[in-house]
Amino acid sequence: MTAIGLLLYARSRALWPTLAALVGTTGFALWAAHLMDAYLDPSRRVPVFALAPLLAAAVIGTSLYTASDELDRTAVRPWWPRRLVQLLGLSAVAAALLPTAVLGDTLVFGPPAMIRNTLGSTGVTAAAAVLFGARLSWLPAFGYVSAVYLASGGARGPAVTVWAWPMQPGTQTGAWAAALVAFAAGGALYVARGARPEGARA
Amino acid sequence: MTLTADSRKPPERRLHPLRAEIVRGFAPWTGAAVLLTLGMLLTGTSAQWQGGWAETRSQLHDSMLVIAPLTAAAGCLQGGRERRRRTDELWETAVRGRLARFLASAMPVALWAAAGFTAAAALALLATWPYAQGDRPHLGLLPGDAVLLAACAMAGHVVGRLVAWRPAAPALAMAGYVGLAVPAMASPGAGRHLDAAFPAPVGSYPVWWQPVVMAVWTGGLASAAVLAYAARRRYTALVPLAAAIAAGALLVRTGDGLWHDDPLASRQVCDTSTTPQICVNARYEGLLPQVREALSEVVGRLEGVQNLPVRFEDRPTAPRHGEARLPMLAPLGWSVVRGRLTDPKQYAWEAVAELEGRGDCQSTLDPRVRRADDAVEHYLAPGPHQEYFDRLAAEGSAAERAELTARQRARARLASMGEEERRIWLSAYFATAGSCGARAVPAL
Amino acid sequence: MALDGVDLAFGPGVHGLLGPNAAGKTSLIRVLATVAAPSDGRVEILGEDVGDHRRRGRVRGRLGYLPQEFGYYPGFTVREFVSYVAWLKEMPATATPAAVERAVARVGLTDRIDAKIRTLSGGMIRRVGIAQAIVNEPHILLFDEPTAGLDPEQRVEFRALLRRLGADATVIVSTHLVEDVAAACTEVTLVDAGQIAYRGTPGALAALGGSDDGSGDSAIERGFMAALRAHRAPSAAREVSP
């Protein structure tokens, strides 16, 4: 693909507005972390770790929308490498930008936890884009993470680190495993099938 | 397939024109999503609320923090429908005004969301009922929460009609989270009385008119938004707006007076047949037989011993002189799950620790006092955790093993005493309960 | 500005609005449908000035409109969608079910009346649009590009439907398909660049082309091109037939 072709492709996927929205999400995370008096008590920042990656995943999810699904199918080369690059690239940008809001405390709730939550939320959102379409793809992730946020307060038991992965500190292997599995499975599903087309025939 | 007049009779159906709006499309899914999310939330935390009516009420109300923004986002999605389906031009030629059309498409989502919440609340109450140990169901906050959900759906619908941006719905949900959670998390101010989703602590109850005024505040704001967008005479929006402002002012002015402590929580139900007596908070009076059962061995072995506290008390305030605190039954999910004590032996041991009263100075105790405490605990309430620590010490350093041997000797000494001698020893021992110094504790 | 100094009157019958794309046909139809308000001048429909909102409501109850981009709810069945439109038109509730069935029968979709709209083909969806426009037995029908998506057989039948509807209502059809106009309309109005270029019967329009061997594959197409040329030539005298 020539450079111009690549640029047009990026514009067709709404790359610039998505990147701008990711930067905006980072700004939101910065503001929220400041609001929670982050420098006093790292554990008060837990909402930021749950919500900011959700918003980034929602931005990525809505950017998976394609306005011309029928025309896309007439392309010569297969789409799955492009979808893979789009998903991985946007996830990488989000995973690079968001931790800048929570630099400081590294061990308990720091950049590793933020990256993990971003990957996990993006995976859930990508899978939802295949099932429900890009417009609604953010809903399952929002519902799950917010329910876990409220429920994990007093929960005990061996499986808590797995199902409550957004709330865990960055060192828990069970949470990392859950988030990575979500990212891999959701990403693979999206790359293979593409987002469900919207419109009257959907 | 012809365009000319068809003489066949179509199948007979006599249904209301708006039935399709209510039964089809996004609205029932919204209700299902609310029910599912709440269901997930409640199932995950079930150990902490099942069995306590006050805990159930608080859990249902606290979940508004999550459900309300999601309902607003659902309303936003529904609001964008006319734009997405490109029916807005066609509906301009309708006779029914903008307000009627707006309500026809917005009300189903609001009603289904409120219905989903009500169904989840009913299921939660049903789930608590078999395990309830006292108190009574608290339904006061439920109507206010249902109104909050309907108001969020309507307001979200207005946003969806106005804003054509794709990520508008998740952004609205996020704004909702932040807006509802900030008064709860940031330093407390007057704003928290206006926050309809402010978490309700388990022991406090609002005055009877707080849910009504809160409903006027949230419903008034949403109605003002709806009227300002859809009514032909836009100034009619001022009426609900004025009502909302009045309600908000009333809430802020009353401030902390809106909530008061549950009178039931400061009462207790006592069993006076034992020494010390056993009292359980009136909210969990059904647990009294189980607590007595768990403490029966302790109490039995303390028969005839002097210098014991008069009773175990279970009030929110600190124990008075001559009383010991009963090991905590609340919050649910730790000692008590679904109306049963999870570990009676552990509970008995905690009761003995309360009798000793040396919880504040565990780290600075003289080893002799520690051995005496351990021997008393072993005699009155032996438990699996003691075996665990014994095993740890047996595999530890030489000093730990020596300490273990000394402890075991002290335990054997106490167990081998005669009845009368042990009673005298225990009376002298409990005379020193609560003090951390080593002097007065009798030797073993 | 889409329309410039348009002064028209329509009576019963089928009127065709013809013209090149971006001529202002859709704007005119939208003004007549009371969807858009004119920036200057008066619109009187069925004897009522539609500037006042109450009168506008009454007029809309006797009006049927099919826009160029017909939007619908794919999850609704045909019956449900047309009933919904009937409710929006404030038809009496008792009369609605029968009126819905009648309208659907008139467009020939009776056997699909309980099918979801998303399962229908493009031509059938347009017929649903026609059905919702006629459900309230309107006195005025406004169709904007109604034959888009219909196959030739359906177009022929649609013209027959138009003629039947035009017997007792005012039907205004905006289209750029000249043959539709020739077959169905009793009067033709040619709109070009926001102005009225020609007004007359289809026969007179075809005669304008005459022996002119200009562009156009049929008589009426030649007449259409001739009228356009005449309108666009600034010095040529124009004759507007009443």
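Residues numbered from 1 in each chain as written. Chains lettered and ligands numbered in written order. Predicted model: local features only at pLDDT ≥ 70, side-chain atom pairs only at ≥ 80, totals over all residues.

### Regarding the overall build of chain B
And then number 1: A count of helices and strands for chain B gives 19 helices and 8 strands.
And then number 2: Here the C-alpha radius of gyration of chain B, 31 Å, is well above what a compact globule of 444 residues would show, namely 22 Å.
And then number 3: Overall, chain B is about 110 × 55 × 45 Å in size when its C-alpha atoms are taken along their principal axes.
And then number 4: Split into buried and exposed, the 444 residues of chain B put 43% on the buried side.
And then number 5: Residue pairs in contact within chain B that sit at least 24 positions apart in sequence constitute 76% of those at least 6 positions apart. (Helix = DSSP H or I, 4+ residues; strand = E, 2+ residues; numbered from the N terminus. Rg over C-alpha atoms; globule rule 2.2 N^0.38 Å. Buried ≥ 20, exposed ≤ 12 C-beta atoms within 10 Å, placed from the backbone. Contact = placed C-beta atoms within 7 Å.)

### Thoughts on the overall build of chain A
And then number 1: Regarding its fold elements, chain A presents 9 helices and 0 strands.
And then number 2: From first element to last, N terminus to C terminus, chain A shows the α and β order α-α-α-α-α-α-α-α-α.
And then number 3: Counting only residues that meet the buried cut, chain A has 48% of its 202 residues in that class.
And then number 4: Within chain A, residue pairs in contact and separated by at least 24 positions form 73% of the contacts whose partners lie at least 6 positions apart.

### Quick look at the interface of chain B and chain C
And then number 1: Taken together, the 29 residues of chain B in the interface contact 41 residues of chain C.
And then number 2: Top contributing element to the side of chain B that touches chain C by residue count: helix 7 (residues 88-91) of chain B, with 3 residues.
And then number 3: Looking at the side of chain B that touches chain C residue by residue, the classes come out as 12 nonpolar, 5 polar and 12 charged. (Nonpolar A, V, L, I, M, F, W, Y, C, P; charged D, E, K, R; others polar.)

### Observations regarding the nonpolar core
And then number 1: Counting 130 residues, the largest nonpolar core has Ala52 of chain A together with Ala113, Phe117, Leu149, Ala150, Ala153 and Met154 of chain B as its most contacted members.
And then number 2: Filtering out sequence-adjacent residues up to four positions away, Ala113 of chain B remains in contact with Thr30, Gly31, Val34, Thr71, Ala74, Leu149, Ala150 and Ala153 of chain B.
And then number 3: Of all hydrophobic cores here, the second largest spans 75 residues; its members include Val59, Tyr65, Ala197 and Leu205 of chain C. (Core = buried A, V, L, I, M, F, W, Y, C linked by C-beta atoms within 7 Å.)

### Details of the pairing of strand 6 (residues 170-174) of chain C
Residue and element names in this part refer to chain C.
And then number 1: The buried fraction of strand 6 is high, at 5 of 5 residues.
And then number 2: Here strand 6 shows two buried faces, one formed by Thr170, Ile172 and Ser174 and the other by Val171 and Val173.
And then number 3: One ladder, built from 5 bridges, connects strand 1 (residues 13-18) with strand 6; its direction is parallel. Following the sheet pairing, Gly16 is matched in strand 6 by Val173.
And then number 4: The sheet contact formed by strand 5 (residues 140-144) and strand 6 spans 5 bridges and is parallel. Following the sheet pairing, Asp144 is matched in strand 6 by Ser174. (Pairing = 2+ DSSP bridges.)

### With respect to the sheet that holds strand 1 of chain C
Residue and element names in this part refer to chain C.
And then number 1: The strand order across the open sheet formed by 6 strands is 4-5-6-1-7-8, and the pairing between neighbours is mixed. The open sheet terminates on both sides in strands that have one partner only, identified here as strand 4 (63-66) and strand 8 (195-200). The mean angle between the axes of side-by-side strands here comes to 15°, regardless of whether they run parallel or antiparallel.
And then number 2: Of the strand pairs in this sheet, strand 1 and strand 7 (residues 187-192) are connected by 4 bridges, and their pairing is parallel. Along strand 7, the bridge assignment pairs His15 with Glu187.
And then number 3: Where helix 9 (residues 219-232) meets the sheet, its contacts fall on strand 1, strand 7 and strand 8, and the angle it forms with strand 8 comes to roughly 135°. (Axes fitted to C-alpha atoms, helices over the stretch in contact; angles between N-to-C directions.)

### Observations regarding the domain arrangement of chain B
Residues and elements named next belong to chain B.
And then number 1: Annotation of chain B at the domain level lists domain 1 (20-84 + 95-261) and domain 2 (266-431).
And then number 2: Its C-alpha centre places domain 1 at a distance of 47 Å from the equivalent point of domain 2.
And then number 3: At the interface, 13 residues of domain 1 touch 13 residues of domain 2.
And then number 4: Contributing elements (two or more residues each) for the side of domain 1 that touches domain 2: helix 3 (46-49) and helix 4 (53-62).
And then number 5: Broken down by element, the side of domain 1 that touches domain 2 gets its largest block of residues, 3 residues, from helix 3.
And then number 6: Split into classes, the residues belonging to the side of domain 1 that touches domain 2 amount to 4 nonpolar, 7 polar and 2 charged. (Domains from an automatic or database assignment.)

### Structural notes on the sheet that holds strand 6 (residues 323-325) of chain B
Adjacent strands of a sheet form backbone hydrogen bonds with each other and so pair up, either parallel or antiparallel.
All names here are of chain B.
And then number 1: Overall, mixed pairing links the 4 strands, which are arranged 3-4-5-6 in an open sheet. In this open sheet, the two strands that pair with only one neighbour each are strand 3 (268-271) and strand 6. Adjacent strand axes in the sheet meet at a mean angle of 25° when their direction is disregarded.

### Structural notes on the pairing of strand 5 of chain C
The side chains of a regular strand alternate between the sheet's two faces.
Residue and element names in this part refer to chain C.
And then number 1: With respect to burial, strand 5 is a largely interior element, 5 of its 5 residues being buried.
And then number 2: Alignment of strand 4 against strand 5, held across 4 bridges, turns out to be parallel. Looking at strand 5, one finds that Gly64 is bridged to Leu141.
And then number 3: Note that the unit made of strand 5, helix 6 (residues 152-165) and strand 6 has a crossover that is right-handed. (Right-handed = clockwise from strand over helix to strand, strands pointing away.)

### Looking at unusual backbone geometry
And then number 1: Omega for the bond connecting Thr275 of chain B with Pro276 of chain B falls within 30 degrees of zero, at -5°, which places this linkage in the cis form.
And then number 2: By the secondary structure assignment, Pro276 of chain B is in the loop between strand 3 and strand 4 (277-281).
And then number 3: At Glu90 of chain C, a position not held by glycine, the phi torsion is positive, near 55°.
And then number 4: Its 16 C-beta neighbours within 10 Å are what place Glu90 of chain C among the partly exposed residues.
And then number 5: Backbone geometry at Glu145 of chain C places phi at a positive 50°, although glycine is not the residue there.
And then number 6: Tracing the sequence through the fold places Glu145 of chain C in the loop between strand 5 and helix 6.

### Structural notes on helix 5 (residues 64-79) of chain B
And then number 1: Along its 16 residues, helix 5 of chain B runs 22 Å from first to last C-alpha, staying within 8% of the 22 Å computed at 1.5 Å per residue.
And then number 2: Among the 16 residues in helix 5 of chain B, 16 count as buried, and that is most of the element. (Expected span 1.5 Å × (residues − 1).)

### Quick look at the packing of helix 3 (residues 78-88) of chain C against helix 4 (residues 96-106) of chain C
Between two packed helices, what matters for the description is the angle formed by their axes and the separation of those axes.
Residues and elements named next belong to chain C.
And then number 1: Contact pair helix 3 / helix 4: the axes reach a minimum separation of 9 Å and the direction vectors enclose 120°. Classified by the interaxial angle, the pair formed by helix 3 and helix 4 is oblique. The two elements helix 3 and helix 4 cross, and the hand of that crossing is right-handed. Contact residues: helix 3 offers Val78, Arg79, Val82, Ser83 and Ala86, while helix 4 offers Thr96, Ala99, Val100, Ala103 and Val104. (Parallel < 35°, antiparallel > 145°, perpendicular 65-115°, else oblique. Left-handed = near helix turned anticlockwise from the far one by under 90°.)

### Brief notes about the confidence of the model for chain B
And then number 1: Of all residues in chain B, 95% have pLDDT values of 70 or greater, and the mean over the chain is 86.
And then number 2: Scoring the predicted complex yields pTM 0.83 and, for the interface, ipTM 0.82. (pLDDT = per-residue confidence, 0-100.)

### Describing helix 3 of chain C
And then number 1: In terms of burial, helix 3 of chain C is largely enclosed, as 11 of its 11 residues are buried.
And then number 2: Among all positions of helix 3 of chain C, only Val78, Arg79, Glu80, Phe81, Val82, Ser83, Tyr84, Val85, Ala86, Trp87 and Leu88 of chain C are buried.
And then number 3: Where helix 3 of chain C is buried, its residues touch helix 1 (19-23), helix 7 and helix 8 (98-128) of chain B together with helix 4 and helix 5 (122-134) of chain C.
And then number 4: Just downstream of helix 3 of chain C lies Glu90 of chain C, where phi reads positive at about 55°.

### Quick look at the environment of Ala177 of chain A
All names here are of chain A.
And then number 1: As for its position among the elements, Ala177 is in helix 9 (residues 173-193).
And then number 2: When the 14 C-beta atoms within 10 Å are taken as the criterion, Ala177 is described as partly exposed.
And then number 3: It is 28 Å that separates the C-alpha atoms of Ala177 and Tyr65, two residues lying 112 residues apart in sequence.

### What about the packing of helix 3 (residues 46-63) of chain A against helix 6 (residues 111-132) of chain A?
Residue and element names in this part refer to chain A.
And then number 1: Where helix 3 meets helix 6, the axes come as close as 8 Å, and the angle between the chain directions of the two elements is 40°. Considered as vectors, helix 3 and helix 6 are oriented oblique to each other. Note on packing geometry: the crossing formed by helix 3 with helix 6 is right-handed. Each of Phe49, Ala50, Pro53, Leu54, Ala56, Ala57, Ala58, Ile60 and Gly61 in helix 3 lies in contact with helix 6, whose residues at this interface are Ala113, Met114, Asn117, Thr118, Ser121, Thr122, Thr125, Ala128 and Ala129.
And then number 2: For the contact of helix 3 with helix 6, the class distribution of residues is 12 nonpolar, 6 polar and no charged.

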